[in-house]
Amino acid sequence: MSIKPNGKGRYEVENVSSNFITSVYGRNNFSEYFRRIVQSDNLLFCDKQKKPSNV
């Protein structure tokens, strides 16, 4: 996922501080996408408590 930090956005009628997601990869079949990233040694960080259980 690509993120633009420290932005400003509008939620309902209020201006809010926000980090914007600019792009998302692996939306379809995420477990397979994640497995390929791990196998190719391209993973930068993973919280082991939150990763998919089948990876």
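Residues numbered from 1 in each chain as written. Predicted model: local features only at pLDDT ≥ 70, side-chain atom pairs only at ≥ 80, totals over all residues. Heavy atoms only, no water.

1. Details of the overall build of the protein
The helix and strand tally for the protein stands at 1 helix and 2 strands. Taken from the N to the C terminus, the helices and strands of the protein come in the order β-β-α. The buried share of the protein, taken over its 55 residues, is 9%. Partitioning the intrachain contacts of the protein with sequence separation of at least 6 by distance along the chain shows that 5% fall at a separation of at least 24. Summing over all exposed atoms, the protein offers an accessible surface of approximately 5200 Å²; the carbon and sulfur share of this is 49%. (Helix = DSSP H or I, 4+ residues; strand = E, 2+ residues; numbered from the N terminus. Buried < 20%, exposed > 50% of the residue type's maximum accessible area, 1.4 Å probe, protein only. Contact = heavy atoms within 4.5 Å. Areas by Shrake-Rupley, 256 points an atom, 1.4 Å probe, with all protein chains shown as cover.)

2. As for the pattern of salt bridges
Counted according to the given criterion, the structure contains 2 salt bridges. Note that R35 is salt-bridged to E32, the shortest N-O span being 2.3 Å. With R35 and E32 both in helix 1 (residues 30-39) and 3 residues apart, the pair spans about one turn of that helix. E32 serves as the salt-bridge partner of R36, at 3.9 Å between the closest nitrogen and oxygen. Here the residue R36 and the residue E32 both occupy positions in helix 1, the gap between them amounting to 4 residues, near one helical turn. When its relative accessible area of 44% is taken as the criterion, R36 is described as partly exposed. Residue E32 is classed as partly exposed on the basis of its relative accessible area, which comes to 26%. When salt bridges with common partners are traced through the structure, they connect E32, R35 and R36 into a single cluster. (Salt bridge = Lys/Arg side-chain N within 4 Å of Asp/Glu carboxyl O.)

3. Considering the confidence of the model for the protein
For the protein, per-residue confidence averages 78 on the pLDDT scale, and residues scoring 70 or more make up 85% of the total. Looking over the protein, one finds the lowest element-wise mean pLDDT in strand 1 (residues 2-11), namely 81, and the highest in helix 1, namely 83. (pLDDT = per-residue confidence, 0-100.)

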